[in-house]
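Summary of structural features
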Amino acid sequence: MQENRRPDSPEEQVVRLLKERNLTITAAESCTGGLIAGTLVNVAGASDVFGEAYVTYSNEAKQRLVGVRPETLEQFGAVSEETAYEMAAGAARGGGADVGLSSTGIAGPGGGTPEKPVGLVYIGCCVRGEVQVRRLNLHGNREQNRMDTVKAALELAAEMLAAE
């Protein structure tokens, strides 16, 4: 075990649950920019359950790589429950995985609006076609908001997998 991770961290739980259930995972990440994938691969044995991920920072990438519909982006915006839902489902579909995780949000310090303030993030998790999305209202700096998003996404995946 590495010194900087507590035993049975969210990423360790996810990898363990995926292995126990013989499932695979992928991610589509916007505001986290690959941190979900990077955190998963910190776990020894992650290669048994993780094959690929997508960093879909632009709207064009969200559409091209994970199939977010242009109408969804036009109507609801990139930072929305609907986009997180389509990203999670599209990641699983695109990666041929059983589980897809997504993150989209405004990490800060700029980019917020009164309707969508800095720290507004949506995470999505798709497990065998069932999708759950959570809204986060974070209050840290950019780095902290991104790390908190990763933790919340992995915790959501662990919860859904444990309920399988």
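The notes below deal with the structure included here. Treat the numbers as computed from the prediction; the structure is a model and nothing was measured.

Points about the overall build of the protein chain
Along its length, the protein chain carries six helices and five strands. When its helices and strands are written in sequence order, the protein chain yields α-β-α-β-α-α-α-β-β-β-α. At 15 Å, the protein chain has a C-alpha radius of gyration in line with the 15 Å of a compact globule built from 164 residues. Seen through its C-alpha atoms, the protein chain measures out along the principal axes to roughly 40 × 30 × 25 Å. When burial is assessed residue by residue, the protein chain has 49% of its 164 residues classed as buried. Of the contacts formed within the protein chain by residues at least 6 apart in sequence, a portion of 63% connects residues at least 24 apart. Looking at the protein chain as shown, the accessible area adds up to about 7800 Å², and 48% of this sits on carbon and sulfur atoms. Side-chain charges in the protein chain split into 16 positive and 22 negative, and the spacing between the mean points of these groups amounts to 1 Å.

Description of the pattern of salt bridges
Taken as a whole, this structure holds 10 salt bridges when the rule is applied. Between Lys-19 and Asp-48 there is a salt bridge, with the nearest N and O atoms lying 3.6 Å from each other. In this pair, Lys-19 sits in helix α1 (residues 10-21) while Asp-48 sits in the loop between α2 (35-40) and β2 (54-55), placing the two residues 29 residues apart along the sequence. Among the residues examined, Lys-19 registers a relative accessible area of 38% and is labelled partly exposed. We note a salt bridge from Glu-86 to Arg-69, for which the minimum N-O separation is 3.2 Å. Taken together, the residues span a long stretch of sequence, with Glu-86 in helix α5 (residues 81-95) and Arg-69 in the loop between α3 (59-66) and α4 (70-76) at a distance of 17 residues.

Details of the pairing of strand β4 (residues 120-127)
With eight of eight residues buried, β4 is to be regarded as a mostly interior element. Taking every second residue as pointing to the same face, both faces of β4 are buried, with Leu-120, Tyr-122, Gly-124 and Cys-126 on one and Val-121, Ile-123, Cys-125 and Val-127 on the other. Across seven bridges, strand β3 (residues 99-105) lies against β4 in antiparallel orientation. Bridge pairing in β4 places Gly-100 opposite Cys-126. Direction of pairing for β4 relative to strand β5 (residues 130-137): antiparallel, over a ladder of eight bridges.

Let's talk about unusual backbone geometry
A cis amide bond links Gly-108 with the next residue in sequence, Pro-109, at an omega value of 0°. If you check the backbone angles, Asn-22 has positive phi at about 55° while not being a glycine. Mapped onto the secondary structure, Asn-22 falls in the loop between α1 and β1 (25-29). According to the relative accessible area criterion, Asn-22 is exposed, its value standing at 68%. In this model, Arg-128 sits at a positive phi of 50°, which is unusual for a non-glycine residue. Here Arg-128 lies in the loop between β4 and β5.

Conventions used here
Residues numbered from 1 in each chain as written. Predicted model: local features only at pLDDT ≥ 70, side-chain atom pairs only at ≥ 80, totals over all residues. Heavy atoms only, no water. Helix = DSSP H or I, 4+ residues; strand = E, 2+ residues; numbered from the N terminus. Rg over C-alpha atoms; globule rule 2.2 N^0.38 Å. Buried < 20%, exposed > 50% of the residue type's maximum accessible area, 1.4 Å probe, protein only. Contact = heavy atoms within 4.5 Å. Areas by Shrake-Rupley, 256 points an atom, 1.4 Å probe, with all protein chains shown as cover. Lys, Arg positive; Asp, Glu negative; His and termini not counted. Charge placed at Lys NZ, Arg CZ, Asp CG, Glu CD. Salt bridge = Lys/Arg side-chain N within 4 Å of Asp/Glu carboxyl O. Pairing = 2+ DSSP bridges.

Remember that the coordinates give geometry; whether it matters functionally is a separate question.
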